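What follows is the residue order along each chain.
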Amino acid sequence: MPENKDKGPDRRTLIAAAAAAGAVASPLVAQAAGPAMARKPPPTKIQVDLGGISLPPADAEALQSQIRRAVLDAIARAGVKANEVPHGLNPGWLGIVVRPVQIPQVQGAKTHGVG
Amino acid sequence: MDESDSRPALCPSAKAEPGAAVIGVLGPDGRVGYLRDWLEIDQQFIDDVSREGRPEQRYRFANNCVEHHCAQWDGCKCTIIERVSEALTPIEEHSLQPCAIRTACRWFRQKGPDACRLCPMVITDTRDEADAA
């Protein structure tokens, strides 16, 4: 009878148990869902309401532009860095490259305020 | 799903280019968190986030679905969400995350709420830097 050198938990047993508990959707998900994954902090809400203050349209537009720029800067800072994401930049879902390729530039067809 | 919506469909996995909107940010848990509002990006934003690699690896962008101009279009639908839904189990969430584009989203129109439960697991660009070169 071969000697069992591995005294630790049986990996297959652990995976089977996790799968039975519904914790693992697929091997790929299991690979990505490691214990090192950090929890997301709560979302940040920033609301600006000038209340009864009325601004000239040009000033309001300039302020809106500045706020938008500041929010974009904040989002740029909030993005995770390559070395901050467990298992690399992408959990590795299927290796699907979902980036559209070789599509022409679409001009003047923006949809705002949907959803 | 809601194919009767006459508004142009939006691609929830578009390229980062001026005029597109940032709709999600990859979180430390490896899943995408979503913005509530449509926030159009500009070249400055793209330049800023590109310092850490390709933006599509860490953010999700929306833009018009270009249908037959896109390699992922099979003639009548987007194949990406079809492939993802075949391979992954939707996240079990009772309520959907807020989303700036839901009712116009191509994936939502094809798959309904299940698309929203799969979407956080999708990163637009999974290629290595070497592959992209």
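Rules used throughout
Residues numbered from 1 in each chain as written. Chains lettered and ligands numbered in written order. Predicted model: local features only at pLDDT ≥ 70, side-chain atom pairs only at ≥ 80, totals over all residues. Heavy atoms only, no water. Helix = DSSP H or I, 4+ residues; strand = E, 2+ residues; numbered from the N terminus. Buried < 20%, exposed > 50% of the residue type's maximum accessible area, 1.4 Å probe, protein only. Areas by Shrake-Rupley, 256 points an atom, 1.4 Å probe, with all protein chains shown as cover. Pairing = 2+ DSSP bridges. Axes fitted to C-alpha atoms, helices over the stretch in contact; angles between N-to-C directions. Contact = heavy atoms within 4.5 Å. Core = buried A, V, L, I, M, F, W, Y, C linked by side-chain atoms within 4.5 Å. Salt bridge = Lys/Arg side-chain N within 4 Å of Asp/Glu carboxyl O. Phe/Tyr/Trp six-rings, centres within 6.5 Å; stacked < 30°, edge-to-face > 60°. pLDDT = per-residue confidence, 0-100.

Secondary structure summary: chain B contains five helices and four strands in total. Taken from N to C terminus, the helices and strands of chain B fall in the order β-β-β-α-β-α-α-α-α. The burial tally for chain B puts 60% of its 133 residues in the buried class. Per element, the accessible surface of chain B, about 5,600 Å² overall, is 47% carbon and sulfur.

Turning our eyes to something else, we now look at the sheet that holds strand β1 (residues 10-14) of chain B. Strand order across the open sheet formed by four strands is β1-β4-β2-β3 (chain B), with antiparallel pairing between neighbours. Two strands bound the open sheet, and with one partner strand each, they are β1 and β3 (32-40) of chain B. Taken over all neighbouring pairs, the strand axes of this sheet differ in orientation by 25 degrees on average, direction set aside. Pairing of strand β2 (residues 21-26) of chain B with strand β4 (residues 59-64) of chain B, which is carried by four bridges, proceeds in the antiparallel orientation. The residue bridging Val25(B) from the neighbouring strand is Tyr59(B), located in β4(B). Sheet contacts for helix α3 (residues 57-78) of chain A: β2, β3 and β4 of chain B; angle to β3(B), the most-contacted strand, approximately 155 degrees.

Right, let's talk about the nonpolar core for a bit. All names here are of chain B. Residues Trp38, Val84, Ile101, Trp107 and Leu118 are the most contacted members of the largest nonpolar core, which totals 29 residues. Counting only elements with at least two residues in this core, the list comes to β2, β3, α2 (79-87), α3 (106-111) and α4 (113-118). In contact with Leu118, other than residues within four places in its own chain, are Ile81, Val84, Ser85, Leu88, Thr89 and Pro90. Listed in part, the 15 residues of the second largest apolar core include Ala20, Val22, Phe45 and Tyr59.

It is worth spelling out the pattern of salt bridges at this point. A full pass over the atoms with the stated rule returns eight salt bridges over all chains. A salt bridge links Arg51(B) to Asp48(B), with the nearest nitrogen and oxygen atoms 3.3 Å apart. If you follow the salt bridges from partner to partner, you end up with Arg68(A), Arg69(A), Asp73(A) and Asp42(B) in one network.

Turning next to the packing of aromatic side chains. Residue and element names in this part refer to chain B. Summed over all chains, the structure comprises three aromatic pairs over all chains. Seen in terms of ring centroids, Phe45 and Phe61 are 6.4 Å apart; in terms of plane orientation they differ by 75 degrees. Their pairing is edge-to-face. One end of the pair, Phe45, is in helix α1 (residues 43-50); the other, Phe61, is in strand β4, with 16 residues separating them in the sequence. Where Tyr59 meets Phe61, the ring centres are 6.2 Å apart and the plane angle is 40 degrees; that geometry is what we call tilted. With respect to burial, Tyr59 and Phe61 carry one shared label: buried. Among the aromatic residues, those joined into a ring-pair cluster are Phe45, Tyr59 and Phe61.

All names here are of chain A. For chain A, the average pLDDT comes to 59, and 34% of its residues sit at 70 or higher. Predicted confidence in chain A is weakest over helix α2 (residues 27-32), with a mean pLDDT of 36, and strongest over α3, with 91. Segment residues 14-37 is flagged for pLDDT under 50; beyond a separation of four residues in sequence, or across chains, it makes 23 contacts in the model.

With that settled, consider unusual backbone geometry. The backbone of Glu67(B) sits at a positive phi, close to 50 degrees, despite the residue not being glycine. Take Glu67(B): its relative accessible area is 31%, and that puts it in the partly exposed class.

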